[in-house]
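# Residue-level structural notes
Here's the letter readout for the chains.
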Amino acid sequence: MGLSETKLFIGNLPLTVTVEMLQHLLVAYEAYDVVVIRPRREGADKLSAFAKVADKGVAERAIFDLNNKHYMPDSVAPITVKIAETQEQKQMRRMGYQGGMGGYGMQGMGGYGQQG
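Residues numbered from 1 in each chain as written. Predicted model: local features only at pLDDT ≥ 70, side-chain atom pairs only at ≥ 80, totals over all residues. Heavy atoms only, no water.

A separate point is the confidence of the model for the protein. As a note on interpretation, predicted positions should not be read in detail where pLDDT is low. In this model, the protein carries an average pLDDT of 84, and 80% of its residues clear a pLDDT of 70 or more. Here residues 102–116 is a poorly scored stretch, pLDDT under 50, and it has 16 contacts once near neighbours within four places are set aside; other chains count. (pLDDT = per-residue confidence, 0-100. Contact = heavy atoms within 4.5 Å.)

See below:
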């Protein structure tokens, strides 16, 4: 990816979504390399997708405009739009690392587990 090129994750998509539908939705953000991910498990009821945009500011605008606000045809819930995780971020999440000093179970350090 280029210096400020950003990959977006688009989730909560209906099974009827197509690449063309997403390209049309994302045209204002100059998205390219739109890829719809088909579920591996049988019986899945939602799809996800990835798209690249050339500029992080444009990606942030797409998130602001669309995340939890836009409904695709045949959808009962709004789509999710966010910056896609890197492989390293996915691995850290899978290992349970959330970063920062808060969060559940961090007794005495702020967050949900703090005693009062």
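Anyway, onward from the coordinates.
It is worth spelling out the sheet that holds strand β4 (residues 80–83) at this point. If you trace the 4 strands from one edge of the open sheet to the other, you get β2-β3-β1-β4, paired in antiparallel fashion. Among the strands making up the open sheet, the edge pair consists of β2 (32–37) and β4. Here the strands of the sheet are splayed against their neighbours by 20° on average, with no regard to which way each runs. Looking at chain direction, β2 and strand β3 (residues 47–53) are connected through 4 bridges and run antiparallel. Looking at β3, one finds that V36 is bridged to A49. Helix-sheet contacts for helix α1 (residues 19–26) involve β1 (6–13), β2 and β3, and the interaxial angle to β2 is about 135°. (Pairing = 2+ DSSP bridges. Helix = DSSP H or I, 4+ residues; strand = E, 2+ residues; numbered from the N terminus. Axes fitted to C-alpha atoms, helices over the stretch in contact; angles between N-to-C directions.)

On to the packing of aromatic side chains, then. A complete count under the given rule lists 1 aromatic pair for this structure. Summarising the aromatic geometry, the rings of F9 and F50 are spaced 5.6 Å apart at their centres and angled 65° between planes, so their arrangement reads as edge-to-face. With F9 in strand β1 and F50 in strand β3, the pair connects residues that are 41 residues apart, well separated along the chain. According to the relative accessible area criterion, F50 is partly exposed, its value standing at 23%. Sitting over the face of the ring of F50, K7 holds its NZ or CZ atom 5.6 Å from the ring centroid. Over the face of the ring belonging to F64 we find K69, whose NZ or CZ atom lies 4.1 Å from the ring centre. (Phe/Tyr/Trp six-rings, centres within 6.5 Å; stacked < 30°, edge-to-face > 60°. Buried < 20%, exposed > 50% of the residue type's maximum accessible area, 1.4 Å probe, protein only. Lys NZ or Arg CZ within 6 Å of the ring centre and 35° of its normal.)

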